[in-house]
Amino acid sequence: MVRKLISVDPKIAPWEQETPLHNRWHPDIPPVASVEEGEVFRVECVDWTGGQIKNDDSSDDVKNVDLSQVHYLSGPIEVKGAKPGDLLKVEFLNLGCLEGDEWGFTGTFAKENGGGFLTDHYPKATKAIWDLEGIYCSSRHIPGVRFPGLIHPGLIGTAPNKKLLAMWNEREAKLCSEEGTADEKTLCGCLATRPLACLPEAKGAMLGKLGHFLEKSGNDEAWDKVASEAARTVPGRENGGNCDIKNLSRGCTVYFPVFVNGANLSMGDMHFSQGDGEVSFCGAIEMS
């Protein structure tokens with residue numbers, strides 16, 4: 001029998017889960033489980049927002065979503081024997097929605113909350129709920145549509161070491177400093193679109209076994225230090241991360257660089273389906 005390494009309950013908050021989740025990258029976030037090389041195991045994940053979006057007919061939750069909390073990941077998972085310089089081979093043997101939670105959502109963000117592709121044409125928040133039945137999905141909000149999905153994790157990667165983390169923060173701070181200047185690398189100055197950089201932010205941070213922002217922020221000096229350095233999960237980087245590759249599905253093999261002892265693999269942001277890129281930012285059918 002395949003060992004279930006991490007279980008989640010989508011009905012409770014991320015910080016109430018039996019196994020702590022995390023939503024930042026940092027080498028000091030300790031592993032919550034360990035596996036042997038070559039071991040087959042199962043991991044459960046909450047949706048990327050940690051349950052902020054509900055199965056109802058109102059898009060107010062999309063409009064008011066707290067994006068400082070995303071993405072909630074299961075892990076880190078220590079792979080025994082993995083060491084810096086190795087490549088970690090990960091095979092996806094099966095992927096699916098969480099049993100008993102067979103629904104997902106897609107949406108467009110309000111312009112005042114960051115927006116997405118074509119936000120100037122569609123500035124208001126929208127939401128569609130999808131019922132997931134085997135490989136098929138359908139939505140009461142988009143009648144007459146039913147299609148097979150291609151389930152994949154939007155986000156999976158290994159932990160950075162301190163040198164790599166410092167490089168990320170330096171690189172992305174430079175990108176942010178260029179916004180509004182002639183050196184700007186994004187279209188943020190003329191379009192409501194997401195930046196390439198996302199700087200550390202203690203608000204909303206959940207650091208696995210180290211604790212979460214509601215409990216620790218401003219009350220724990222060691223937590224505050226890690227939270228002030230930890231990378232947000234929004235950009236994809238050298239460790240993999242938020243790549244949103246729709247074809248990274250069952251039967252695929254992917255290789256990740258190892259930067260710390262044990263690799264510390266994490267994953268989440270499960271998608272039932274997605275186009276070529278997540279251009280509306282919440283452009284996949286998000287699920288647990």
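Small disclaimer: the values here were computed from a predicted structure and weren't measured.

How each quantity is defined
- Residues numbered from 1 in each chain as written.
- Predicted model: local features only at pLDDT ≥ 70, side-chain atom pairs only at ≥ 80, totals over all residues.
- Heavy atoms only, no water.
- Helix = DSSP H or I, 4+ residues; strand = E, 2+ residues; numbered from the N terminus.
- Buried < 20%, exposed > 50% of the residue type's maximum accessible area, 1.4 Å probe, protein only.
- Contact = heavy atoms within 4.5 Å.
- Lys, Arg positive; Asp, Glu negative; His and termini not counted.
- Charge placed at Lys NZ, Arg CZ, Asp CG, Glu CD.
- Core = buried A, V, L, I, M, F, W, Y, C linked by side-chain atoms within 4.5 Å.
- Expected span 1.5 Å × (residues − 1).
- Arc of directions from axis to C-beta.
- Polar contact = N/O pair within 3.5 Å; in protein donor to acceptor, adjacent residues only side chain to side chain.
- Patch = residues over 30% accessible without salt bridge, like charges linked within 9 Å, V, L, I, M, F, W, Y side chains within 5 Å.
- Areas by Shrake-Rupley, 256 points an atom, 1.4 Å probe, with all protein chains shown as cover.
- Salt bridge = Lys/Arg side-chain N within 4 Å of Asp/Glu carboxyl O.
- Phe/Tyr/Trp six-rings, centres within 6.5 Å; stacked < 30°, edge-to-face > 60°.
- Lys NZ or Arg CZ within 6 Å of the ring centre and 35° of its normal.
- 1 Å grid on protein atoms, 1.4 Å probe; cavity = no way out; pocket = protein on both sides within 12 Å on 5 of 7 lines; lining within 4 Å.
- Points joined across faces, edges and corners; volume = space filled by probe spheres on them.
- Nonpolar A, V, L, I, M, F, W, Y, C, P; charged D, E, K, R; others polar.

Chemist: Looking at this structure, I do not really get the overall build of the chain. What am I missing?
Modeler: Of regular secondary structure, the chain possesses 4 helices and 17 strands. Per-residue burial for the chain yields a buried fraction of 48% across its 288 residues. Across the chain, contacts joining residues at least 24 apart in sequence account for 77% of those joining residues at least 6 apart. Each charge class in the chain was averaged separately, 29 positive and 42 negative side chains, and the resulting centres sit 2 Å apart.

Chemist: Sorry if this is basic, but what is going on with the nonpolar core here?
Modeler: One broad trend across soluble globular proteins is that nonpolar side chains are buried collectively. Core analysis: the largest hydrophobic core is formed by 44 residues, its most contacted members being Leu88, Ile156 and Leu207. Mapped by element, the contributors of at least two residues to this core are strand S1 (3-6), strand S3 (33-35), strand S5 (73-79), strand S6 (87-91), strand S8 (126-133), helix H4 (221-229), strand S15 (253-257) and strand S16 (265-273). If sequence neighbours within four positions are ignored, Leu207 has contacts with Leu21, His22, Arg24, Ile29, Trp223, Val226, Ala227 and Ala230. Counting residues in each nonpolar core, the second largest holds 13 residues, with Val62, Val65, Phe105 and Ile129 among its members.

Chemist: Would you take a moment to explain helix H2 (residues 162-177) for this structure?
Modeler: Think of an α-helix as turning once every 3.6 residues; residues three or four places apart then point the same way. Taking 1.5 Å as the rise per residue, H2 with 16 residues should run 22 Å; its terminal C-alpha atoms sit 22 Å apart, in good agreement. Buried residues of H2: Leu164, Leu165, Trp168, Asn169 and Glu172, and no others. With its buried residues spanning 135° around the axis, H2 presents them on a single face. For H2, the exposed residues lying more than 90 degrees away from the buried face are Lys162, Lys163, Glu170, Lys174 and Ser177. Of the surrounding secondary structure, the elements contacted by the buried residues of H2 are strand S2 (24-25), H4, strand S12 (231-232) and strand S13 (236-237). The distance from a side-chain oxygen at the start of H2 to the backbone nitrogen of Lys163 is 3.3 Å, and the residue carrying that oxygen is Asn161.

Chemist: Looking at this model, I keep getting lost on H4. Mind explaining?
Modeler: Here H4 has its buried residues at Trp223, Val226 and Ala227. Viewed along the axis of H4, the buried residues span an arc of 100°, placing them on a single side of the element. For H4, the secondary structure elements touched by its buried residues are helix H3 (213-216). N-cap assignment for H4: the residue whose side-chain oxygen lies 3.0 Å from the backbone N of Ala222 is Asp220.

Chemist: Which parts of the structure should I look at to understand a nonpolar patch on the surface?
Modeler: Nonpolar side chains collect at one region of the surface, where Val2, Val40 and Leu93 lie side by side and expose about 270 Å² of accessible area between them. In this structure, Val2 sits in the segment before S1. Taking relative accessible area as the criterion, Val2 reaches 46% and is therefore assigned partly exposed.

Chemist: Help me understand the environment of Glu238 in this model?
Modeler: Looking at the secondary structure, you find Glu238 in the loop between S13 and strand S14 (240-242). Once the C-alpha coordinates of Glu238 and Trp168 are considered, the two residues, 70 residues apart in sequence, prove to be 9.2 Å apart. With sequence-adjacent residues up to four places away left out, Glu238 is seen in contact with Leu164, Met167, Trp168, Arg171, Pro257 and Phe259. Here the side chain of Glu238 touches Trp168 through a polar contact of 2.8 Å, side chain to side chain. Within the structure, the side chain of Glu238 is placed 2.8 Å from the side chain of Arg171, a separation counted as a polar contact.

Chemist: Looking at this structure, how should I read the packing of aromatic side chains?
Modeler: Within the structure shown, the criterion is met by 4 aromatic pairs. Ring centres of Trp103 and Phe105 lie 6.4 Å apart, and the angle between their planes is 40°; this geometry places the pair in the tilted category. On the basis of an interplanar angle of 75° and a centroid distance of 5.7 Å, the ring pair of Trp130 and Phe147 is categorised as edge-to-face. With Trp130 in strand S8 and Phe147 in strand S10 (residues 146-148), the pair connects residues that are 17 residues apart, well separated along the chain. Taking NZ or CZ as reference, Arg146 lies 4.1 Å from the ring centre of Tyr136, over its face. The positively charged end of Arg237 is found above the aromatic ring belonging to Trp168, 4.8 Å away from the centroid.

Chemist: Before we go on, may I ask you to explain the layout of surface pockets in this structure?
Modeler: The rolling of a water-molecule-sized probe over the atoms marks out the regions of remaining empty space. If you add up the space inside the largest pocket, you get close to 1100 Å³. Contributing elements (two or more residues each) for the lining of the largest pocket: strand S4 (41-43), S6, strand S11 (152-158) and S16. At 5 residues, S6 tops the list of elements feeding residues into the lining of the largest pocket. Looking at side-chain class alone, the lining of the largest pocket contains 22 nonpolar, 5 polar and 10 charged residues.

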